Amino acid sequence: MTASFFSDFGLIWYLEELKKEEFRKFKEHLKQLTSHLELKPIPWAEVKKASREGLANLLIKHYEEQQAWNVTLRIFQKMDRKDLCVKVTRERTGYTKAYQDHAKKKFSHLWSSKSVTDIHRYFDQEIKQEECDHLNRLFASKETGKHPRTVVIQGAQGIGKTTLLMKLMWAWSDSRIYRDRFLYVFYFCCREMRELPAVSLADLICREWPDPAAPVTEIVSQPERLLFVIDSFEQLEADVNQPDSDLCGDWKEKRPVQVVLSSLLRKKMLPQASLLVAIKPTCPKELQDRVAISEIYEPQGFDESDRLLYFCSFFQDPKRAMEAFSLVRESQQLFAICQIPLLCWLLCTALKQEMKKGRDLALTCQSTTSVYASLIFNLFTPEGAVGPTEQSQRQLKDLCALAAEGMWTDTFEFGDEDLRRHGIADADMPTLLGTKVLLKFGERVSSYAFIHMCIQEFCAAMFYLLKSHLDHPHPAVRSVEELLVNNFKKARRPHWIFLGCFLIGLLNEKEQEKLNAFFGFQLSQEIKQQFRQCLKSLGERGDLQGQVDALVIFYCLFELQEPAFMRQVVNLLQEGSFRIVDSSDLVVSAYCLKYCYSLRKLSFSIQNVFKKEDTHSSVSDYSLVCWRHICSVFTTNGYLREVQVQDSTLSEPAFVTWCNQLRHASCRLQKLGINNVSFSGQSSHLFEVLFHQPDLKYLSLTLTKLSRDDVRSLCDALNSPAGNIEELALVNCELSPVDCEVFAFVLSKNKKLKYLNVSCNHIDEGVRHLCEALCRPDTVLTYLMLAYCCLSEQCWEYVSEMLLRNSSLRHVDLGANVLKDEGLKTLCKALKHPECHLYSLCLVKCFITAAGCEDLASVLISNQNLKNLEIGCNAIGDVGVKLLCGALTHPDCRVEVLGLEDCALTSACCKDLASVLTSSKTLQQLNLTLNALDHGGVVVLCEALRHPACALRVLG
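Residues numbered from 1 in each chain as written. Predicted model: local features only at pLDDT ≥ 70, side-chain atom pairs only at ≥ 80, totals over all residues. Heavy atoms only, no water.

I'd like a rundown of the overall build of the protein, residues and numbers included.
Summing up its helical and strand segments, the protein has 46 helices and 21 strands in all. Overall, the C-alpha framework of the protein stretches about 90 × 90 × 60 Å when taken along its three principal axes. In the protein, which comprises 956 residues, the proportion classed as buried is 54%. Taking as baseline every contact in the protein between residues at least 6 positions apart, the subset at least 24 positions apart corresponds to 79%. For the protein, the accessible area works out to roughly 41000 Å², and carbon and sulfur atoms hold 50% of it. Distance between charge centres in the protein, computed from 110 positive and 117 negative side chains, equals 2 Å. (Helix = DSSP H or I, 4+ residues; strand = E, 2+ residues; numbered from the N terminus. Buried < 20%, exposed > 50% of the residue type's maximum accessible area, 1.4 Å probe, protein only. Contact = heavy atoms within 4.5 Å. Areas by Shrake-Rupley, 256 points an atom, 1.4 Å probe, with all protein chains shown as cover. Lys, Arg positive; Asp, Glu negative; His and termini not counted. Charge placed at Lys NZ, Arg CZ, Asp CG, Glu CD.)

Okay, here's the thing in structure tokens:
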């Protein structure tokens, strides 16, 4: 994309309206006109060979922009292209300018009037040049021509999506962005539009126009020059999966607003138009599936300098600003939430309130719960009063009940009836709205929402300390125990982010004092014991432990800030699984794991904390301290036997720290998974672990890239007498055929390795070395996995020889290789031999046809060692199954498990299968999923299953 792209893009649009011969004439007129007007001529050789985009570039390069447009307009007049003359004139002097003036006034007004937080006072409405450049790039088509784009802006509530869109509208109206790209940009707010009756797109455009007589026909005549900005799309609750027949292609037709906007998004209406859609918190999968999205952009909120600037602007007094900022900067949690501008305002408001009352800010900043508690209680305490009034106590209690109902019913906007049900009367509204805890929306129908989701979560948590769920008028509100269990699960409600943390954080002694002081009575202490009992139950139930997100529990305990209680409850957990995605997660995990002494299994990932190129800094040094606390669990926890680190990036210092803990004498791991881990440093540090850990029996390096040197270091460790690895998984490690030579040496020397999985590596001819090693009489390998290894035709002779001569192998997986019937015939020669001891064979997705089933049928009869055969995802059809069934009914067949999923079977083969079910004495499992069996075929199988001679136990 050239630097002058946007300045000449308008010219490109018009030059593309010219046919080939017209474009040639345009160049001739340009040559004559520049001479006539005594303009600096553009070299004719460049003009003659220039494309439309190239010519637009030349015009802008050699003339001032306005002069370039004037020249173009004069040529269009000479060519008698009056239509283009009219469009150029209107674009540069008419409707567009009038609409831009209106939009500039409107969004300048909205910038100040719509904000309840006054953030706009501290940050300039003027859009920065880097913001302009980025917004321009979002709609820079990568190909020349009129290519519409649909861009999605996603992000958490309060991160600044609407602010960005307002800045965009203001900047476009001031000709700072999209100049010559879009003639019109229309802003639609879904929160406001959802109240509308049936409308057309024309109606929506008219709503944004400065007067009722919007020239809609003229506006939509060039849809490729239109940008529709759709804010808060999730508020519409539109069904983007509705069939095309339900959508609308006519911009004049009145339909529900959800249908109109879905029709724009799905390109049923004005498909050449571009769209910019803002949605929270993330773009849903159904939208990504049904809408051609060009790009997804995530605003980053306040960076560190923005946060400091905001504190200075908010407090005005530099000394107070720096005092507050320094305390917040020391807390990873508080500093992290300040990335979201709205939450930064809430936090500053809370601290300013505490300053006015002369309180110690260090105590307020001890936890997120403390900040929100101070904020809420101060907002509900009248100005100048020592404590709350009875009315404000009641109002807060009622608000907490409303919040709890919303959290359990996924309701985040409430009507008048919802408020009345909880005792909130019309007379209460001025006070509640005055606190800014509750906001009012809508013009035709009033609706209310908490200023931010976290405020609703805080109030909902507080409800449980004030009342029992049995006292709540809505049956959906459940008990504390159910709240905690639901909150700790990985598959919890998406909006339950801080709810559990606030509930447990409010049990802190200092927060209890605030609650007691505000409400005037001693609160129940039962919840702390319920929390303990919940963790005890989770620790005792193995079926639930894998579903629990340990990080959520860690955050709750971190909020509580009671080490003694922490030691009691954290050791009730035997398994821990979590993802560290930022520094806050790292700090919280480190705080809790250093108290863990009873974990038996640990699985985690760490991202966005360390970079490979990390150098020493105060931030990275502190992160390393936290990382040491996490890694120390390998040596301080005497019960820990299994660790899996996955999807992680480690700097060299972090990697060395990790390796040092792994090879410590106190580390007694039996299973270690290092899956998709990227690290700096010598890999030999990691493989030295194998020398120092005699208990380690299982090692997985799946998705972790291994260099040639890495492979040699690993194999040296495997061949060490001190190593005891029995199972090794190297799936998708970018192994090469050359690496197989090194592994062959391991297979021939190592008498402990029983399981080797090298699937998803392009080893092809390298399999020869593995097979030759496994032909040795003293090899002990039992399981060999070679799926997706790109094995070619010549490899099957090596595999066949191995199957014939190896006496230790029990299972071989050759799935997803191009075996075909010819290769199968080669394998079957070995499989039929009496010396073949193979117990289980996987040939899934190996391009086998019905012809190959004849060889397989012969194997099933002659090889009585083979008990498990997986041949799913091969198009063997009914003919192939008939051949197999003939063998399966043979008295010498000993097959117990047969996989035939997705084998292009129909009900025509069900009689043959039924015969197997009633005659085979050994077949216990049969998989027929993903085959087109109709009702009649299923009936035949069911009758066979009821037969007294049927030995089958599992049918899939």
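Outline unusual backbone geometry, listing residues and values.
Cis geometry marks the peptide bond from lysine 280 to proline 281; its omega dihedral reads -15 degrees. Within the secondary structure layout, proline 281 lies in the loop between β4 (274-279) and α14 (285-290). Here glutamine 316, not a glycine, exhibits a phi torsion of approximately 65 degrees, which is positive. With respect to the helices, strands and loops of the structure, glutamine 316 is situated in the loop between α15 (304-315) and α16 (318-329). Judged by its relative accessible area of 64%, glutamine 316 is exposed.

Which residues make up the nonpolar core, and what values do they have?
By size, the foremost hydrophobic cluster in this structure holds 236 residues, and its most contacted members are Phe311, Ile455, Met462, Phe488, Trp627, Trp658 and Leu900. With 12 residues, the single largest contributor to this core is helix α24 (residues 453-466). Formed by 71 residues, the second largest nonpolar core is a distinct cluster that contains Val216, Leu227, Leu270 and Leu276. (Core = buried A, V, L, I, M, F, W, Y, C linked by side-chain atoms within 4.5 Å.)

Go over the sheet that holds strand β5 (residues 295-297), please, and point to the residues and values.
As summarised here, the arrangement of the five strands in space is β2-β3-β4-β1-β5, forming an open sheet in which the pairing is parallel. Of all the strands in the sheet, just β2 (184-189) and β5 have a single pairing partner and so form its edges. Direction aside, neighbouring strands of the sheet carry axes that sit 15 degrees apart on average. Here β2 pairs with strand β3 (residues 226-231) via six bridges, running parallel. Within β3, the residue paired with phenylalanine 188 across the bridge is isoleucine 230. Across the sheet, helix α9 (residues 161-173) lies against β1 (150-154), β2, β3, β4 and β5, angled at about 150 degrees from β2, the strand it touches most. (Pairing = 2+ DSSP bridges. Axes fitted to C-alpha atoms, helices over the stretch in contact; angles between N-to-C directions.)

Which residues make up the confidence of the model for the protein, and what values go with them?
As a general rule, the predicted coordinates of low-pLDDT regions are not to be interpreted in detail. On average, the protein scores 87 in pLDDT, and the residues at 70 or more come to 94%. This model gives residues 1-8 a pLDDT under 50, and the stretch forms 20 contacts once residues within four places in sequence are excluded. (pLDDT = per-residue confidence, 0-100.)

Can you explain the pattern of salt bridges? Please cite residues and give values.
If you walk through the whole model with that rule in mind, you get 34 salt bridges. Close ionic contact of lysine 104 with aspartate 174 constitutes a salt bridge, the shortest N to O distance being 2.7 Å. One end of the pair, lysine 104, is in helix α7 (residues 95-113); the other, aspartate 174, is in the loop between α9 and β2, and 70 residues separate them in sequence. You can call aspartate 174 partly exposed: its relative accessible area is 28%. One salt bridge in this structure joins glutamate 413 and arginine 191, with 2.3 Å as the shortest N-O distance. One end of the pair, glutamate 413, is in the loop between α21 (390-409) and α22 (416-421); the other, arginine 191, is in helix α10 (residues 190-193), with 222 residues separating them in the sequence. Here glutamate 413 matches arginine 191 in class, with each residue buried. Because the salt bridges share partners, they merge into one network encompassing Arg191, Arg194 and Glu413. (Salt bridge = Lys/Arg side-chain N within 4 Å of Asp/Glu carboxyl O.)

Go over the environment of lysine 845 with me, naming the residues and quoting the values.
Take lysine 845: it is sitting in the loop between β17 (840-842) and α43 (850-862). A residue is classified by how much of its surface remains accessible, and lysine 845, at 41% relative accessible area, is partly exposed. Residues lysine 845 and histidine 890, 45 residues apart in the sequence, show an inter-C-alpha distance of 26 Å. The contact partners of lysine 845, leaving out residues within four places of it in the chain, are Tyr788, Ala816, Asn817, Gly872, Cys873 and Asn874.

Let's hear about the environment of tryptophan 408: which residues, and what values?
Structurally, tryptophan 408 can be placed in helix α21. Judged by its relative accessible area of 7%, tryptophan 408 is buried. Expressed as a C-alpha distance, the spacing of tryptophan 408 and histidine 474, which sit 66 residues apart in the sequence, is 9.5 Å. Beyond its immediate sequence surroundings of up to four residues, tryptophan 408 is in contact with Tyr464, Ala476, Val477, Arg478, Ser479, Glu482, Leu483, Asn486, Arg493 and Trp496.

Before we move on, can you summarise the packing of α43 against helix α44 (residues 877-888) with the specific residues and values?
Helix-helix packing: each pair is described by the crossing angle between the helix axes and the interaxial distance. Interaxial distance between α43 and α44 falls to 8 Å at its minimum, and their mutual angle equals 10 degrees. Considering the angle they form, α43 stands roughly parallel to α44. Contact residues: α43 offers Ala850, Cys853, Glu854, Leu856, Ala857, Leu860 and Ile861, while α44 offers Val879, Gly880, Leu883, Leu884, Ala887 and Leu888. (Parallel < 35°, antiparallel > 145°, perpendicular 65-115°, else oblique.)

Pulling in residues and values, what's your account of helix α28 (residues 526-540)?
Taking 1.5 Å per residue as the helical rise, α28 with its 15 residues ought to reach 21 Å, and the 21 Å between its terminal C-alpha atoms agrees with that figure. When α28 is considered as a whole, its buried residues turn out to be Ile527, Lys528, Gln530, Phe531, Cys534, Leu535, Leu538 and Gly539. (Expected span 1.5 Å × (residues − 1).)

An account of the pairing of strand β9 (residues 601-606) is requested, with residue identities and associated values reported.
Buried residues dominate β9, accounting for five of its six residues. Inspection of the sheet shows strand β8 (residues 575-580) paired to β9 by six bridges, in the parallel sense. For arginine 579, the partnering residue across the bridge sits in β9 and is serine 605. Handedness of the β-α-β unit built from β8, helix α32 (residues 583-593) and β9 comes out right-handed. Pairing of β9 with strand β10 (residues 642-650), which is carried by four bridges, proceeds in the parallel orientation. (Right-handed = clockwise from strand over helix to strand, strands pointing away.)

Mind laying out the packing of aromatic side chains, listing which residues take part and the relevant values?
For the structure on display, the rule yields 40 aromatic pairs. On the basis of an interplanar angle of 80 degrees and a centroid distance of 5.3 Å, the ring pair of phenylalanine 463 and tyrosine 464 is categorised as edge-to-face. Considered together, phenylalanine 463 and tyrosine 464 belong to a single accessibility category, that of buried residues. One aromatic cluster in this structure is built from Tyr99, Trp172, Tyr184, Phe186, Phe188, Trp209 and Phe228. Its guanidinium or amino end placed over the ring of phenylalanine 23, arginine 52 lies 4.5 Å from that ring's centre, counting from NZ or CZ. The ring of phenylalanine 314 carries the charged tip of lysine 352 above its face, separated from the ring centre by 5.0 Å. (Phe/Tyr/Trp six-rings, centres within 6.5 Å; stacked < 30°, edge-to-face > 60°. Lys NZ or Arg CZ within 6 Å of the ring centre and 35° of its normal.)

Go over the side chain of serine 274 with me, naming the residues and quoting the values.
Counting through the fold element by element, serine 274 comes out in strand β4. Ignoring anything within four residues of it in the chain, the contact list for serine 274 reads Phe139, Pro148, Arg149, Arg181, Phe182, Leu226, Leu227 and Phe228.

With reference to specific residues and values, describe the side chain of aspartate 764.
Take aspartate 764: it is sitting in the loop between β14 (755-757) and α40 (767-774). Look past the residues within four positions of aspartate 764 in its chain and what remains in contact with it is Cys789, Cys790, Leu791, Ser792 and Cys795.

So what's going on with the pairing of β2? Residues and values would help.
Two faces belong to every sheet, and in a regular strand the side chains alternate between them. Summarising burial for β2: six of the six residues are buried, a large majority. Residue alternation in β2 divides its side chains into two sets, Tyr184, Phe186 and Phe188 and Val185, Tyr187 and Cys189, and both sets are buried.

An account of the packing of helix α2 (residues 20-36) against helix α4 (residues 52-62) is requested, with residue identities and associated values reported.
Running from amino to carboxyl end, α2 crosses α4 at an angle of 20 degrees, the nearest separation of the two axes being 12 Å. It follows that α2 is roughly parallel to α4 by the angle criterion. In the packing of α2 onto α4, the handedness of the crossing is left-handed. Each of Lys20, Phe23, Phe26, Lys27 and Leu30 in α2 lies in contact with α4, whose residues at this interface are Arg52, Leu55 and Leu59. Along the lines of polarity and charge, the residues of the contact of α2 with α4 split into five nonpolar, no polar and three charged. (Left-handed = near helix turned anticlockwise from the far one by under 90°. Nonpolar A, V, L, I, M, F, W, Y, C, P; charged D, E, K, R; others polar.)

Any chance you could break down the state of the cysteines for me, citing the residues and the numbers?
Applying the stated criterion to the full structure yields zero disulfides. For the unlinked cysteine cysteine 853, the closest cysteine sulfur is that of cysteine 903, found at 8.0 Å. Here cysteine 909 stays unpaired: no disulfide links it, and the sulfur of cysteine 910, its closest cysteine neighbor, is 4.9 Å away. Using a relative accessible area of 0% as the deciding quantity, one classes cysteine 909 as buried. (Disulfide = S-S within 2.5 Å.)

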